[in-house]
Amino acid sequence: MNENNIEVLPLLCSVRDMNAVEKVFNDHKPSVVLHAAAYKHVPIIEDNIIEGVKTNIFGTKKIAEIAAKHKVEKFVMVSTDKAVNPTSMMGVTKRSAEIFCQMLDANSTTQFITTRFGNVVDSAGSVVPLFREQINNGGPVTVTHKDITRYFMSIPESVSLILQAASIGQGGEIFVLDMGKPIKIYDLARQMIRLSGNDPEQDIKIEIIGLRPGEKLYEELFHETEDYTGTKHPKILLAESRKADWDKFSLQLDDLADACAKNDVELIITLLKVIIPEYQANQAFATDAIMKTETYSVVH
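Just so it is clear, the structure is predicted and the values come from calculations on it, not from any experiment.

Enquirer: Teacher, can you tell me more about a nonpolar patch on the surface here?
Expert: A cluster of nonpolar side chains, contributed by Val32, Leu34, Ile155, Val159 and Leu163, occupies part of the molecular surface with about 410 Å² of accessible area. At the level of elements, β1 (32-35) and α6 (155-168) are the ones that each hand at least two residues to the nonpolar patch. When residues in the nonpolar patch are grouped by element, the largest group, three residues, is from α6. Locating Ile155 in the fold gives a position in helix α6.

Next up, the structure:
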């Protein structure tokens, strides 16, 4: 029991292990699932595409299907602004998972809700603790591009808004959390250097190292075809979801699973480009794979 007399029971299992997840649901019968398990480090997933697809897409698929099977009341998938016009494997796998959850919402009694937001300050892998460490070591502070921007929010704010979205959601929605204006990472670096009592020009240098694989200069909260409206919560917006064909999408996921089983990275990229047409892979080796999308079709 914690200080609020709420029992907290930590359990470890992989979202890719159907038997282990099934046992958790059988033993504890959850009524609400908050699904945040994913590989989120953009450059690392670019170098480990198969693992990213297996966890972010098929791990989500397994959890969602088991939740529907057990008639869970609500399932909240934590997504990312990188799912909008994705250039990274992290973004395109998250967008694929969004689509699956929305489509499953229409085919089950469970209410599937998606939340999208950007970077969480001081979370694992956030730029803020990285800059802090670099400043403590005397620099340099590394920024990938002088014009790169990102949305930020605090850990308490992100958790609170996810729970609020879960409360107001009725199923099938994509909620976008209002994070204010994007912040220029170069300016953030300069400000953190100054707050440490140093001069960004004299004491600690800022080094521009170039965009990493999968990175975008700026993130977007909505796709151009997604109209958005307000909700009764002032910090939560509702994106109008795009429709997809369940049968076609299911066959595409089957082909994607086969490509993963064959360790065929180029085919995986080709398939994802078909599933998510706005996906623009920016890896050098992906060029030929992307060009193959014109001839790919689902055949069963």
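Picking up where we left off.
Enquirer: Mind showing me how you'd approach the pattern of salt bridges here?
Expert: In a structure, side chains of opposite charge can pair up when their charged atoms sit close to one another. Tallied over the full model, the rule gives nine salt bridges. Residue Glu51 is joined to Arg16 by a salt bridge in which the shortest nitrogen-to-oxygen separation is 2.9 Å. Taken together, the residues Glu51 in helix α3 (residues 49-69) and Arg16 in the segment before α1 (18-28) connect sequence positions 35 residues apart. With relative accessibility at 28%, the residue Arg16 sits in the partly exposed group. Measuring nitrogen to oxygen at the nearest pair gives 3.6 Å for the salt bridge that ties Asp147 to Lys184. Of the two residues, Asp147 is situated in the loop between β5 (141-143) and β6 (149-150) and Lys184 in strand β9 (residues 183-184); the sequence distance between them amounts to 37 residues. Look at Asp147 and you get partly exposed, because its relative accessible area is 44%.

Enquirer: Explain α1 to me, please; I cannot follow it from the model alone.
Expert: Think of an α-helix as turning once every 3.6 residues; residues three or four places apart then point the same way. Taken together, the buried positions of α1 are Val21, Glu22 and Phe25. Angular distribution of buried residues about the axis of α1 spans 100 degrees; they occupy a single face of the element. The exposed residues of α1 that point more than 90 degrees off its buried face are Asn19 and Lys23. Taken together, the buried residues of α1 touch β1 and α3. The residue sitting at the N-terminus of α1 and contributing the capping side-chain oxygen is Asp17; that oxygen lies 3.2 Å from the backbone nitrogen of Asn19. Among the residues trailing α1, Lys29 stands out with phi positive, at a value near 45 degrees.

Conventions used here
Along each chain, the written sequence defines residue order, and numbers are assigned to residues from 1. Owing to the predicted nature of the model, reporting of local features is limited to residues with pLDDT of at least 70; listing and counting of side-chain atom pairs is limited to 80 or more, with chain, interface and lining totals taken over all residues. Remark: hydrogens and water are excluded; side-chain values derive from all non-hydrogen atoms of the structure. Like-charged residues within 9 Å of one another, or nonpolar side chains (Val, Leu, Ile, Met, Phe, Trp, Tyr) within 5 Å, are grouped into patches, provided each residue has over 30% relative accessible area and no salt bridge. Surface exposure here means Shrake-Rupley accessible area, sampled with a 1.4 Å probe, where a residue is shielded only by the protein chains that are shown. Salt bridge, as used here, is a side-chain nitrogen of Lys or Arg placed within 4 Å of a carboxyl oxygen of Asp or Glu. Secondary structure counts use DSSP, requiring at least four H or I residues in a row for a helix and at least two E residues in a row for a strand, with both numbered from the N terminus. Burial classes: relative accessible area under 20% of the type maximum marks a residue as buried, over 50% as exposed, and values in between as partly exposed (1.4 Å probe, protein chains only). To be clear, the arc concerns the directions from the helix axis to the C-beta atoms. Note on contacts: a residue pair qualifies if any of its non-hydrogen atoms lie within 4.5 Å across the two residues. In the analysis that follows, any N or O atom pair within 3.5 Å is treated as a polar contact, provided that within protein one partner can donate a hydrogen and the other can accept it, and provided that, for residues neighboring in sequence, both atoms belong to side chains.

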